[in-house]
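This is what each chain is made of:
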Amino acid sequence: MTQGSYVATGSGEFNRDTNYITTRITSRTRGAEDGGGGRQFPVEPGRYRLIVARACPWANRTIIVRRLLGLERVLSIGFCGPTHDARSWTFDLDPGGVDPVLGIPRLQDAYFKRDPDYPKGITVPAIVEVATGAVVTNDFAQMTLDFSTEWTEYHREGAPQLYPEPLRAEIDEVARRVYTEVNNGVYRCGFAGSQEAYDAAYDRLFTALDWLTERLSTQRYLVGDTITEADVRLFTTLARFDPVYHGHFKCNRSKLAEMDVLWAYARDLFQTPGFGDTIDFVQIKQHYYIVHSDINPTQIVPKGPDLANWLTPHGRESLGGRPFGDGTPPGPTPEGERVPAGHSAG
Ligand SMILES: N[C@@H](CCC(=O)N[C@@H](CS)C(=O)NCC(=O)O)C(=O)O
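Identification of the protein as Glutathione S-transferase from Mycolicibacterium neworleansense is taken from an unreviewed UniProt entry.

This is the structure in structure tokens:
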């Protein structure tokens, strides 16, 4: 398998390509009101398929939010394997190596259905229209917000408010800093192409983790007293911190397990239905250590760390908070979407 290259060139600072296919899937009513292009792709049960890789932190957000909101019944999901080559993610976990609904072996095929000359990375998460087999959107940041605000008609009973109107400004503000400094900050360390770029990236990352530690030492969740979109966004990076970022990306001032507040916060979320049950530590490690062969040329996947400690008591209940607000936790993960035994904590 030929891998791509990831280390930054030029000034040595990693800059993420954030040009997406930004078409939105919007509610029929709101789409009509907006008079926007969204009307072309209305929210509709069974019309679309969410394509993810469990390993990917950006895709992981969509898996969590879809599950918290109970959208499994209306939006099916396809899982790419943990690794991809220089060209594309593949459906190598499926029988015959083909997605059972889209009938394609490579996610690239759905991007090319949308644009035969698609010039950018073939990224997850992506939402594909089943009938045409074409990607509708790969705009991961908008996707989960739209699950909360556009798919409301299909939320399960008891779905939490992950993006409540009165808190949106604060969620956006926190999420912006979490994105630039933490979600992307770990990549800025890992893909730095010079010592100076790495040193600066490391300082930026741990400055932000110190800010989060302070914020979360007196409140259970990032914004308000319930889980929100902001927590989902931070969680997927924290879950990968010790297994991957600490070693592979050299984010090693301390392990997550040594940062008491963040570690307890991360365990609290991990133990909340809809979060930890989406985490596949085996695939996460395989993805990073195998795909980024320019920073790990042997492609050896480390055995550690021990992950059983994710299930230890976290004590965060003493800060108050109501994880699901007036709602309820989601039920068990549907058959066929469960993380295989031995791939999670414990
Ligand atoms: N495209 C988004 C997020 C999605 C993303 O980067 N996904 C990664 C996996 S974690 C991916 O699909 N990479 C494949 C590639 O870049 O070729 C971004 O770059 O900010």
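Next comes the rest of the description.
Participant: Honestly, unusual backbone geometry in this entry has me stumped. Any pointers?
Facilitator: Trans peptide bonds make up most of the peptide bonds, and negative phi angles are found at most residues other than glycine. Look at the link from valine 124 to proline 125: it is a cis peptide, with omega at 0°. Mapping proline 125 onto the fold places it in the loop between helix 3 (107–114) and strand 3 (126–129). Of the consecutive residues glycine 304 and proline 305, the connecting peptide bond is found in the cis state with omega at -5°. Counting through the fold element by element, proline 305 comes out in the segment after helix 11 (281–291). Positive phi, close to 60°, is recorded for lysine 250, a residue that is not glycine. Among the structural elements, lysine 250 can be located in the loop between helix 9 (241–245) and helix 10 (260–270). The phi dihedral of glutamine 299 falls on the positive side, at around 60°, and the residue is not glycine. Along the chain, glutamine 299 falls in the segment after helix 11. Glutamine 299 gets classed as partly exposed once you count the C-beta atoms within 10 Å, which come to 14.

Participant: Any chance you could explain the UniProt feature "domain: GST C-terminal" (unreviewed entry) in the protein here in plain terms?
Facilitator: Summarizing the sequence annotation, UniProt attributes the feature "domain: GST C-terminal" (unreviewed entry) to residues 164–291 in the numbering used throughout. Secondary structure across residues 164–291 divides into 64% helix and 0% strand, with the first and last C-alpha atoms of the span separated by 37 Å.

Participant: How do you make sense of the pairing of strand 2 (residues 76–80) when you look at a structure like this?
Facilitator: Remember that side chains alternate between the two faces of the sheet whenever the strand is regular. Strand 2 sits mainly inside the fold: 5 of its 5 residues count as buried. Residues of strand 2 alternate between two faces, with Ser76, Gly78 and Cys80 on one and Ile77 and Phe79 on the opposite face, all of them buried. Relative to strand 2, strand 1 (residues 48–53) runs parallel, the two sharing 5 bridges. Within the sheet, the bridge partner assigned to alanine 53 lies in strand 2 and is cysteine 80.

Rules and cut-offs
In every chain, residue numbers begin from 1 and rise along the written sequence. Given that this is a predicted model, residues contribute local features only at a pLDDT of at least 70 and side-chain atom pairs are listed and counted only at 80 or more, while totals for whole chains, interfaces and linings are drawn from all residues. Secondary structure counts use DSSP, requiring at least four H or I residues in a row for a helix and at least two E residues in a row for a strand, with both numbered from the N terminus. Here a residue counts as buried when 20 or more other C-beta atoms sit within 10 Å of its C-beta, as exposed when there are 12 or fewer, and as partly exposed otherwise, the C-beta atoms being derived from the backbone. UniProt positions are given in the numbering used here, feature names are shortened, and annotations may be inferred rather than shown by experiment. At least two bridges found by DSSP between two strands are what make those strands a pair.

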